[in-house]
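# Geometric and topological summary
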Amino acid sequence: MQKPPFRNDDEKEGVNEWQSDWPTFFTRHRLQAQMDLIERDYGDREARELWSQLKPKIPEMFRDVEIIPALVHGDLWAGNVAEDESGPILFDPACFYGHSEFELAISMMFGGFSSSFFTAYHSKIPRAPGFEKRNKLYQLFNYINHWNHFGTGYRGSTLNVMRKLLK
């Protein structure tokens, strides 16, 4: 079976041309696209400087990690999950094929999932080496995205995550 490409078909998410590897797709079409909006709307010099230092370090965060494209919800946090008598319900998806770990960043950021959720997840997909740093990178995407959607209240969190990733 041929692996699906790393892409998102939701045009509102930006350019989603096919890439042969996840780090390139994520850097170009998720992080860079969001940083371009920050530059356009805010012209934030500190964000630009931190990004220029961080961007070349991203491929190293994926060294020796096999990434098999997985269909992810894309916005899996407690506000997009419910349950009724027939079972769990997920809504407001921003689905795309990407790295399965991507899903966990926002679910860890805003709470709402019990430790049993993460235990069950990692029993099926064990943590790969470097998980914690990649999780911070995926959280960075969510903070930048929130900055773009909801304003400068997310600037500090964005810059703090960038600084942590550069250490």
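See the structure printed just above.
All of the points below concern the structure found in this document. Note that this is a predicted model, so its numbers are computed, not measured.

## What to know about the overall build of the protein chain
- Of the regular secondary structure elements, the protein chain holds six helices and four strands.
- Helices and strands appear in the protein chain in the N-to-C order α-α-β-β-β-β-α-α-α-α.
- Scaling as 2.2 N^0.38, a compact globule of 167 residues should have a C-alpha radius of gyration of about 15 Å, and the protein chain matches this with 16 Å.
- Taken along the three principal axes of its C-alpha coordinates, the protein chain extends 50 × 35 × 30 Å.
- For the protein chain, the proportion of contacts with a sequence separation of at least 24, taken over those separated by at least 6, is 63%.
- Approximately 9,400 Å² of the protein chain is accessible, and the part contributed by carbon and sulfur atoms is 53%.
- Seen as two clouds, the 20 positive and the 23 negative side-chain charges of the protein chain have centres 8 Å apart.

## Some points on the environment of Phe-113
- Inspection of the secondary structure assignment puts Phe-113 in the loop between α3 (102-109) and α4 (115-124).
- Since its relative accessible area comes to 18%, Phe-113 is described here as buried.
- For the pair formed by Phe-113 and Arg-48, sequence separation is 65 residues and the distance between their alpha carbons is 33 Å.

## Quick notes on the pairing of strand β3 (residues 87-90)
- Pairing analysis gives four bridges linking strand β2 (residues 81-84) to β3, with the strands arranged antiparallel. When the bridges of β3 are listed, Glu-83 appears paired with Pro-88.
- Where β2 hands over to β3, the hairpin turn is made up of two residues, counted between the paired strands.

## Section: the nonpolar core
- Judged by nonpolar contacts, the single largest core of 31 residues is most densely connected at Trp-22, Leu-31, Leu-137 and Leu-140.
- Taken together, the elements giving at least two residues each to this core come down to α1 (22-42), α2 (45-54), α3, α5 (131-150) and α6 (155-166).
- Top element by residues in this core is α5. It accounts for seven residues.
- Those residues in contact with Leu-137 that lie beyond four places of it in its chain are Phe-26, Leu-31, Ile-58, Met-61, Phe-62 and Leu-165.
- Leu-76, Leu-104, Phe-118 and Tyr-121 belong to the second-largest nonpolar core, a separate cluster that totals six residues.

## Observations regarding α6
- End to end, α6 covers 17 Å across 12 residues, agreeing with the expected 16 Å (1.5 Å per residue, within 8%).
- Taken together, the buried positions of α6 are occupied by Thr-158, Leu-159, Val-161, Met-162 and Leu-165. Here the buried residues of α6 occupy an arc of 160 degrees about the axis, which is enough to place them on one side.
- Packing partners of the buried residues in α6 comprise α1, α2 and α5.

## Some points on the pattern of salt bridges
- Following the criterion strictly, the structure yields nine salt bridges and no others.
- Between Glu-101 and Arg-134 there is a salt bridge, with the nearest N and O atoms lying 2.7 Å from each other. Of this pair, Glu-101 sits in the loop between β4 (96-98) and α3 while Arg-134 sits in helix α5, and the two are 33 residues apart along the sequence.
- Using a relative accessible area of 6% as the deciding quantity, one classes Glu-101 as buried.

Reading the values: the criteria
Residues numbered from 1 in each chain as written. Predicted model: local features only at pLDDT ≥ 70, side-chain atom pairs only at ≥ 80, totals over all residues. Heavy atoms only, no water. Helix = DSSP H or I, 4+ residues; strand = E, 2+ residues; numbered from the N terminus. Rg over C-alpha atoms; globule rule 2.2 N^0.38 Å. Contact = heavy atoms within 4.5 Å. Areas by Shrake-Rupley, 256 points an atom, 1.4 Å probe, with all protein chains shown as cover. Lys, Arg positive; Asp, Glu negative; His and termini not counted. Charge placed at Lys NZ, Arg CZ, Asp CG, Glu CD. Buried < 20%, exposed > 50% of the residue type's maximum accessible area, 1.4 Å probe, protein only. Pairing = 2+ DSSP bridges. Core = buried A, V, L, I, M, F, W, Y, C linked by side-chain atoms within 4.5 Å. Expected span 1.5 Å × (residues − 1). Arc of directions from axis to C-beta. Salt bridge = Lys/Arg side-chain N within 4 Å of Asp/Glu carboxyl O.

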